[in-house]
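One letter stands for each residue in the lines below.
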Amino acid sequence: MKRFARFARPDGTAFCAEVEGTSPETDVAYVLDNLPWDGGRRTGEEQAALGLARLCPAVPSKILCVGRNYAAHAKELGHEVPAEPLLFLKPPSALLDPGGTILLPRESERVEHEAELGVLIGRRARNVRREDALHHVFGYTCVGDITARDLQKKDGQWTRAKGFDTFCPVGPQVVSGLDPTRLRVIARVGGQTRQDGLTAHMIFDVATLIAYASRVMTLEPGDLLVTGTPEGVGPLLPGDVLDIEVCSAEEGQPGIGVLSVRVAAPPPP
Ligand code: MG
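Residues numbered from 1 in each chain as written. Predicted model: local features only at pLDDT ≥ 70, side-chain atom pairs only at ≥ 80, totals over all residues. Heavy atoms only, no water.

1. Let's talk about the layout of surface pockets
Here the largest pocket is characterised by a volume of approximately 330 Å³. Around the largest pocket, the lining comprises 18 residues; the ones closest to its centre are Arg 3, Ser 23, Pro 24, Asp 27 and Arg 54. Class assignment of the residues belonging to the lining of the largest pocket gives a composition of eight nonpolar, seven polar and three charged. There is about 210 Å³ of room inside the second largest pocket. Arg 68, Leu 77, His 79, Gln 152 and Trp 158 are, among the 18 residues lining the second largest pocket, the residues nearest its centre. Looking at the lining of the second largest pocket, the elements with two or more residues in it are β6 (63-67) and α2 (149-155). Here the lining of the second largest pocket takes three residues from α2, the largest share from any one element. Residue composition of the lining of the second largest pocket, by class: four nonpolar, seven polar and seven charged. (1 Å grid on protein atoms, 1.4 Å probe; cavity = no way out; pocket = protein on both sides within 12 Å on 5 of 7 lines; lining within 4 Å. Points joined across faces, edges and corners; volume = space filled by probe spheres on them. Nonpolar A, V, L, I, M, F, W, Y, C, P; charged D, E, K, R; others polar. Helix = DSSP H or I, 4+ residues; strand = E, 2+ residues; numbered from the N terminus.)

The structure is reproduced here in structure tokens:
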């Protein structure tokens, strides 16, 4: 298991690092000369991770998402369980750094959280078989598939509802070497648990999703696959703090950590 994150220097430039240590207070960031899935190696520079501003750990050419991938969530929105994965895209312009702020758009009266497991592609995937699919994964992260539920229903397709700027928080790090079938996805709003589901309950597992998607479009290193949300989606309001956590389904095993973002009304026009 390895951990990677992207950070901002005080002058605003970004760098990628491998993070090691046993607690957030003492973690060390070993600076890399490139993105780790593009062959980045340690430069020899190291910094205390605490106090560094974290950035979205992925730099995707596309964010490929899956709708209705947990039966209980499909049911809570009144849908049947799909016979095939239901794919849609979010634009990279929707990405939000850890600690960032989701801006509620004026166009919507109901914006909801969807906590999801994110899969970061490490090796180009095109027409891969299910049994080979996980070899194309670099690691896993926490993602919020923020959704304007009213616009999703109104538009009949999902581009606007899921595509607003700030509607895709990602982080706080990417963790390699996890078993994607043994994780737990949690959303808390103001400290109260709203979603808490097991990735073992996905209708289509990560390997199946990669194989299926790679028959449609080439998945490039750095791309994000966002794997669907468990039940318990609900509204976000100005002032809320949203925490998305992916931990191990088993007690005491390593997970990804907590992605924390704020929610605010849009600035005046
Ligand atoms: Mg979703």
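Next comes the rest of the account.
2. Quick word on the sheet that holds strand β10 (residues 111-113)
Judged by pairing direction, the sheet is antiparallel, and its three strands sit side by side in the order β13-β10-β18 without closing on themselves. Either end of the sheet is taken by a strand with one partner, and the two such strands are β13 (147-148) and β18 (234-235). In terms of strand pairing, β10 meets β18 through two bridges, oriented antiparallel. Within the sheet, the bridge partner assigned to His 113 lies in β18 and is Gly 234. (Pairing = 2+ DSSP bridges.)

3. So, the packing of aromatic side chains
Enumeration over the complete set of coordinates arrives at five aromatic pairs. On the basis of an interplanar angle of 55 degrees and a centroid distance of 5.1 Å, the ring pair of Phe 4 and Phe 138 is categorised as tilted. Of this pair, Phe 4 sits in strand β1 (residues 2-8) while Phe 138 sits in strand β12 (residues 137-144), and the two are 134 residues apart along the sequence. Residue classification places Phe 4 among the buried positions, given a relative accessible area of 9%. Each ring, one from Phe 164 and one from Phe 167, has its centre 5.2 Å from the other, and the planes form 55 degrees; the classification is tilted. On the basis of relative accessibility, which here comes to 16%, the residue Phe 164 falls in the buried class. (Phe/Tyr/Trp six-rings, centres within 6.5 Å; stacked < 30°, edge-to-face > 60°. Buried < 20%, exposed > 50% of the residue type's maximum accessible area, 1.4 Å probe, protein only.)

4. So, the pattern of salt bridges
A full pass over the atoms with the stated rule returns 19 salt bridges. Of the charged contacts in the structure, one is a salt bridge between Lys 62 and Asp 223, with a shortest N-O distance of 2.7 Å. In this pair, Lys 62 is assigned in the loop between β5 (53-55) and β6 and Asp 223 in the loop between α4 (206-214) and β17 (224-226), connecting sequence segments 161 residues apart. With respect to burial, Lys 62 and Asp 223 carry one shared label: buried. Taking the shortest distance from any N to any O, the salt bridge between Arg 130 and Asp 205 comes out at 2.5 Å. Note that Arg 130 is positioned in the loop between β11 (115-121) and β12 and Asp 205 in the loop between β16 (192-198) and α4, a separation of 75 residues in sequence. Sharing partners across several salt bridges, the network here consists of Lys 90, Arg 110, Glu 112, Glu 114, Asp 145, Arg 149 and Lys 162. (Salt bridge = Lys/Arg side-chain N within 4 Å of Asp/Glu carboxyl O.)

5. Examining the sheet that holds strand β19 (residues 241-248)
Pairing is mixed in the open sheet, where five strands are placed in the order β9-β20-β19-β15-β16. One side of each edge strand has no neighbouring strand; the edge strands of this open sheet are β9 (101-103) and β16. Sheet twist, expressed as the mean angle between neighbouring strand axes with direction ignored, is 20 degrees. (Axes fitted to C-alpha atoms, helices over the stretch in contact; angles between N-to-C directions.)

6. Considerations on unusual backbone geometry
With omega at 0 degrees, the peptide bond leading from Gly 171 into Pro 172 counts as cis. Here Pro 172 shows up in strand β14 (residues 168-176).

7. Looking at the nonpolar core
Residues Ile 102, Leu 117, Ile 210, Leu 236, Leu 242 and Ile 256 are the most contacted members of the largest nonpolar core, which totals 46 residues. Listing elements by their share of this core, those giving two or more residues are β6, β11, β12, β15 (183-189), α4, β19 and β20 (257-264). Look past the residues within four positions of Leu 242 in its chain and what remains in contact with it is Ile 102, His 113, Ile 146, Ala 187, Arg 188, Val 189, Leu 236, Leu 259, Ser 260 and Val 261. By size, the runner-up hydrophobic cluster in this structure holds 20 residues, among which are Cys 65, Leu 120, Cys 168 and Val 170. (Core = buried A, V, L, I, M, F, W, Y, C linked by side-chain atoms within 4.5 Å. Contact = heavy atoms within 4.5 Å.)

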